[in-house]
2 protein chains.
Amino acid sequence: MNIVLLSGGSGKRLWPLSNEIRSKQFIKIFKTKATTSGDAESYESMVQRVYRQIKAVDADADVTIATSKSQVSAIHNQVGLDVGISVEPCRRDTFPAIALATAYLHDVKGIDKDEAVVVCPVDPYVDHSYFECIKELYEAAINNTENLVLMGIEPTYPSEKYGYIKPIQNAEVCGWGFTEKPTEEKAKEYIAAGALWNGGVFAYKLRYVLEKSKELLGTCSYAELFSNYANLKKISFDYAVVEQETSIAVLRYSGTWKDIGTWNTLTEAMEDEVIGRGTLGQRTDNVHIVNELNLPILAMGLKDVVIAASPDGILVSSEDTADKIKPYVDAIDQQIMFAEKSWGSYQVIDVEKDSMTIKVTLNPGHRMNYHSHEKRDEIWNVIRGTGKTVVDGMEQSVKAGDVITMSAGCKHTVIAESELQLIEVQLGTDISVADKKKYELD
Amino acid sequence: MNIVLLSGGSGKRLWPLSNEIRSKQFIKIFKTKATTSGDAESYESMVQRVYRQIKAVDADADVTIATSKSQVSAIHNQVGLDVGISVEPCRRDTFPAIALATAYLHDVKGIDKDEAVVVCPVDPYVDHSYFECIKELYEAAINNTENLVLMGIEPTYPSEKYGYIKPIQNAEVCGWGFTEKPTEEKAKEYIAAGALWNGGVFAYKLRYVLEKSKELLGTCSYAELFSNYANLKKISFDYAVVEQETSIAVLRYSGTWKDIGTWNTLTEAMEDEVIGRGTLGQRTDNVHIVNELNLPILAMGLKDVVIAASPDGILVSSEDTADKIKPYVDAIDQQIMFAEKSWGSYQVIDVEKDSMTIKVTLNPGHRMNYHSHEKRDEIWNVIRGTGKTVVDGMEQSVKAGDVITMSAGCKHTVIAESELQLIEVQLGTDISVADKKKYELD
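Residues numbered from 1 in each chain as written. Chains lettered and ligands numbered in written order. Predicted model: local features only at pLDDT ≥ 70, side-chain atom pairs only at ≥ 80, totals over all residues. Heavy atoms only, no water.

(A) Structural view of the overall build of chain A. Tallying secondary structure elements over chain A gives 10 helices and 30 strands in all. Taken over C-alpha atoms, the radius of gyration comes to 24 Å for chain A, in line with the 22 Å a tight globule of 442 residues would show. The principal-axis extent of the C-alpha atoms belonging to chain A is close to 80 × 60 × 40 Å. Counting across all 442 residues of chain A, residues that qualify as buried make up 53%. The long-range share in chain A, meaning contacts at least 24 apart out of those at least 6 apart in sequence, stands at 63%. For chain A, the distance from the average site of its 47 positive side-chain charges to the average site of its 64 negative ones is 2 Å. (Helix = DSSP H or I, 4+ residues; strand = E, 2+ residues; numbered from the N terminus. Rg over C-alpha atoms; globule rule 2.2 N^0.38 Å. Buried < 20%, exposed > 50% of the residue type's maximum accessible area, 1.4 Å probe, protein only. Contact = heavy atoms within 4.5 Å. Lys, Arg positive; Asp, Glu negative; His and termini not counted. Charge placed at Lys NZ, Arg CZ, Asp CG, Glu CD.)

(B) Region of interest: the interface of chain A and chain B. Chain A puts 57 residues into the contact, and the matching count from chain B is 57 residues. Interface area for chain A against chain B, summed over the two sides, is near 4400 Å², with a carbon-plus-sulfur share of 64%. Inspection of the chain A/chain B interface yields eight salt bridges. When the shortest N-O distance is used, the salt bridge between Glu352(B) and Arg384(A) registers 3.4 Å. Linking chain A with chain B are 25 residue pairs in polar contact (both at pLDDT 80 or more). The biggest single contributor to the side of chain A that touches chain B is strand β19 (residues 313–318) of chain A, with six residues. Both β19(A) and strand β17 (residues 297–300) of chain B contribute to a ladder of four bridges, which runs parallel. Across the sheet, Val316(A) pairs through a bridge with Ala299(B), a residue of β17(B). (Buried area = accessible area lost by both parts, 1.4 Å probe. Salt bridge = Lys/Arg side-chain N within 4 Å of Asp/Glu carboxyl O. Polar contact = N/O pair within 3.5 Å; in protein donor to acceptor, adjacent residues only side chain to side chain. Pairing = 2+ DSSP bridges.)

(C) Structural view of the state of the cysteines. Residues and elements named next belong to chain B. Applying the stated criterion across every chain, the model contains zero disulfides over all chains. Cys120 provides the cysteine sulfur closest to Cys133, a residue in no disulfide bond, and the two sulfurs are 10 Å apart. What makes Cys133 buried here is its relative accessible area of 3%. (Disulfide = S-S within 2.5 Å.)

(D) Focus on the pattern of salt bridges. Counted under the stated rule, the structure contains 47 salt bridges over all chains. Two residues, Glu44(A) and Arg52(A), come together in a salt bridge whose shortest N-O distance is 2.5 Å. The exposure class of Glu44(A) is buried, given its relative accessible area of 6%. Among the residues examined, Arg52(A) registers a relative accessible area of 43% and is labelled partly exposed. By sharing partners, the salt bridges in this structure join Asp350(A), Glu352(A), Lys359(B), Arg384(B) and Glu419(B) into a single network.

(E) Spotlight on the packing of aromatic side chains. Residues and elements named next belong to chain A. Evaluation of the coordinates by the stated rule reveals 28 aromatic pairs over all chains. Geometrically, the ring pair formed by Tyr130 and Tyr253 is edge-to-face, given 5.3 Å between the ring centres and 85° between the ring planes. Here Tyr130 is found in helix α4 (residues 128–143), whereas its partner Tyr253 is found in strand β12 (residues 248–253), with 123 residues between them in sequence. Here Tyr130 falls in the buried class, since its relative accessible area comes to 0%. (Phe/Tyr/Trp six-rings, centres within 6.5 Å; stacked < 30°, edge-to-face > 60°.)

(F) Structural detail: the relation of the copies chain A and chain B. Once chain A has been moved 0.1 Å along the axis and rotated by 180°, it coincides with chain B to within an RMSD of 0.1 Å. As the rotation angle and translation indicate, the two copies are arranged about a two-fold axis. Rotation axis and chain A: the residue whose C-alpha lies nearest the axis is Ile349(A), separated from it by 3.0 Å. Taken as a fraction of all interface residues of chain A, those also at the interface in chain B reach 100%, which identifies the copy contact as same-surface. (Least-squares fit on C-alpha atoms with pLDDT ≥ 70 in both.)

(G) Representation of the side chain of Thr267(A). All names here are of chain A. Note on placement: Thr267 falls in helix α9 (residues 263–269). Judged by relative accessible area, Thr267 falls into the buried class, the value being 2%. Setting aside anything within four residues of it in sequence, one finds Thr267 in contact with His288, Val306 and Glu319.

(H) Representation of the sheet that holds β17(B) in the model. Strands sit in the order β14(A)-β16(A)-β18(A)-β19(A)-β17(B)-β15(B) across an open sheet of six strands; the sheet is mixed. Looking at which strands have only one partner, the edges of the open sheet turn out to be β14 (274–275) of chain A together with β15 (279–280) of chain B. Alignment of β15(B) against β17(B), held across two bridges, turns out to be parallel. Bridged to Leu280(B) within β17(B) is Ala299(B).

(I) How the structure looks around the environment of Ile415(A). All names here are of chain A. Position of Ile415 relative to the elements: it lies in strand β28 (residues 412–416). As for Ile415 and Glu245, which are separated by 170 residues in sequence, their C-alpha atoms are 53 Å apart. Apart from residues no more than four positions distant in its own chain, Ile415 is found in contact with His366, Arg367, Gly387, Lys388, Val390, Leu420 and Leu441.

(J) Quick peek at unusual backbone geometry. Residue and element names in this part refer to chain A. Backbone torsion omega between Trp15 and Pro16 reads 5°, so that peptide bond is classified as cis. Tracing the backbone through its elements, the reader meets Pro16 in the loop between β1 (2–6) and β2 (30–31). The backbone phi angle of Asp392 is positive, close to 50°, even though this residue is not glycine. Along the chain, Asp392 falls in the loop between β25 (386–391) and β26 (394–399).

(K) Representation of the sheet that holds strand β21 (residues 344–352) of chain B within the structure. Residue and element names in this part refer to chain B. Within the open sheet, the six strands sit side by side as β20-β21-β22-β29-β24-β27. Their pairing is antiparallel. Taken across any chain shown, the strands that pair with only one partner, and hence form the sheet edges, are β20 (338–341) and β27 (403–406). Adjacent strand axes in the sheet meet at a mean angle of 20°, parallel and antiparallel pairs treated alike. Looking at chain direction, strand β24 (residues 377–384) and strand β29 (residues 420–427) are connected through seven bridges and run antiparallel. Its bridge partner being in β29, Val382 is matched across the sheet by Leu422. Sheet strands in contact with helix α2 (residues 72–79) are β20 and β21, and its direction is about 70° off that of β20. (Axes fitted to C-alpha atoms, helices over the stretch in contact; angles between N-to-C directions.)

(L) Up close: the side chain of Glu378(A). Residue and element names in this part refer to chain A. Of note, Glu378 is situated in strand β24 (residues 377–384). Overall, the relative accessible area of 1% leaves Glu378 in the buried class. Here the side chain of Glu378 touches Arg376 through a polar contact of 2.8 Å, side chain to side chain. If sequence neighbours within four positions are ignored, Glu378 has contacts with His373, Ile404, Thr405, Met406, His412, Glu424, Val425 and Gln426.

(M) Spatial organisation of the packing of helix α1 (residues 46–57) of chain B against helix α4 (residues 128–143) of chain B. Residue and element names in this part refer to chain B. As a packed pair, α1 and α4 sit with axes 9 Å apart at the nearest point and diverge in direction by 60°. One element, α1, and the other, α4, form an angle in the oblique class. Every pair of crossing elements has a handedness; the one defined by α1 and α4 is right-handed. Here α1 contributes Val50, Gln53, Ile54, Ala56 and Val57 to the contact with α4, which in turn contributes His128, Phe131, Glu132 and Lys135. In the contact of α1 with α4, the residues fall into five nonpolar, two polar and two charged. (Parallel < 35°, antiparallel > 145°, perpendicular 65-115°, else oblique. Left-handed = near helix turned anticlockwise from the far one by under 90°. Nonpolar A, V, L, I, M, F, W, Y, C, P; charged D, E, K, R; others polar.)

(N) How the structure looks around the environment of Ala116(B). Residue and element names in this part refer to chain B. Here Ala116 lies in strand β6 (residues 116–121). Of the residues examined, Ala116 reaches a relative accessible area of 0% and is grouped as buried. When the C-alpha atoms of Ala116 and His412 are compared, they prove to be 47 Å apart, with 296 residues separating the residues in sequence.

(O) Molecular detail of the environment of Met337(A). Residues and elements named next belong to chain A. Within the element layout of this structure, Met337 appears in the loop between α10 (326–331) and β20 (338–341). Its relative accessible area of 7% is what places Met337 among the buried residues. Taking C-alpha positions, Met337 is 11 Å from Met356, a pair spaced 19 residues apart along the chain. Not counting the four nearest positions on each side in its chain, Met337 is found in contact with Pro311, Asp312, Tyr346, Gln347, Val348 and Val351.

Okay, here's the thing in structure tokens:
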């Protein structure tokens, strides 16, 4: 089975655990095994959970993630190098993203036009049976005559948030209609008439979307779509394709399906009330703590509250206001304090007027880019592991306790043998992430 | 006027802002001047507030603080070197503490036995007029014939928490009786009969307590009390002296008087809802944030909640459970992450298995002890200021950007010229604050 996971934009709705460069699908929040402690290793992210669920249904599934460049490192760190990635040069809507991913499957991965693919979001919180249904969609796309096979989710209440797929049967047509976010009253009416929630899952033969791409975007060549991506029209796949299509089959899914986009929906999916260091004290009821800081959190006398802490900040919110945080988070002037990189991760641990101190962790065998800074000196204090530094072409083996100093302008990198940790002290009057020049390492 | 402030034990009731080494009276939480931002410089601690209030009433007041060794640095940092300190070698109750402080005034400061002193707690949250009343107590102790002059606070409600001073007038006696923590019903009865709250303020001539000391502790010599302090009986001044005394005058105080011992009473005294980095978002009502971390805090949809954050941890508590935190805080296994020292302060910024990284700030003209460690190497990365290091007797001028490495066993210190900041990286398999040997610096 071929499957494309749409890994959407970053966002602040799960601040402080999501930010401009870390999307919610990478937060490790779902329990993977029995544990008594809040051991971080016992949790997986949405991406990891969905990837594992796919592989459980079809170990040979060929998974491609359609996403932006900023997520590539996190994806490789979390699910390994076996996954294909269709990198979107910038953010458009879902039609360009799906067209690009489909062209990637055909042109780059060499998949035949008559092969099928299922496209689904990377972040549904679902049962195993969801992916059984995905497999049925895939098979239907190959074997059925319809151009598109959709997943219809059996509604559990008349939601005003979702899109509905309604069966239409009258003198002229017999097919499906689509409505976004109806009123509760309308939703009840639809459900009574047999409507389903639109799960945003689409299965089709490659040929179908390649043709749509040619028709609507002028080309179905991966290279052309990629190079011209910024100029493509922002349009959703639902609007551009699904709602225009009359040859549609719908398969039903009736298991758990949650859209985990805000703190209140996310905490519902948490098996443990506390992840990380946290204590629920006297008179706490439905309080969730997600703590990525190395500081204890104590909650006392609270009800229906989520407490989330990361190097970016601390959120304390009642469950029913947690979906309103965005404007307040937008107003917070905070540099990014933590990032996953292709080579490991870094965390800002101290900020002063003319200095910044960072903890850098390099995965074994990995290295930073060979680079220099114009406006700052740097000092590396190796605190763990072994590796090699290259400074202006000079190689040196390093281990815990070694110190390397680098003046502004000097080219440098570090290569980890074992897991390597550094305390990096940056000194300068104008420290900025933009001050970085990259070089090839001979 | 001579005044002794009793600066009581450290405690965890205002955790995470108070801990074993930082007592509540040093938390900067009271606004001193108009400000639009949460600028830390605009706040003063209880000690600073009380000291300023005393000096406003009597600029020449001779202030002595009776406290433990662990508070000496914080006191000097916060109120300067002008204040006398009577150091208690260990914690006993208030009678030994007051006897020692009185002996200190006489033997060390040379104050005459016929001079008077007022003893009062360091942490009442009171009006200016409280110290006017203190001055009246002082004058009454000099001029009146009574052995003891007490402050009686006019009750505003029948509290079950306080001690009461009751006028007694019958056939045999005409004087004052004392009761601790009555029931509400009894309290109402007392108040109707003219009782006052006992503010724990005592004025007397030195001679009086020196004699009591000799009588009850066997000596009134400062040197003897000091060297034998650990063996003195734990007994309160109220129980040992006040309740036995018949020659007592009581002066009334009717202004603001708050006992700020827990988060719920402390937030009542906060003028600003937010101190430090914090945002009150949608639907917050009576929410207080005290944030000593360099991280933003966002509160949403909360009522009657206090959020307090420091390098030691994060508390989120409803106002009415905030006085119950102690057992939960006791259960938290956390090393001390921040401390004020006589020479400045330090903060732990990273902890790994075999390393610890600390940010050290030295005040201008100050230095650490000359010391060594058996089991760890250290690296100093100077990030601000200028000064001089001494490593195994070798002096070196240092400035921002300089790196000094010190192997285990090597003696070292740093002397600040201007304010000096270091990132200190400690490396070793057994890092402990106990691993420290001090030396004289020639």
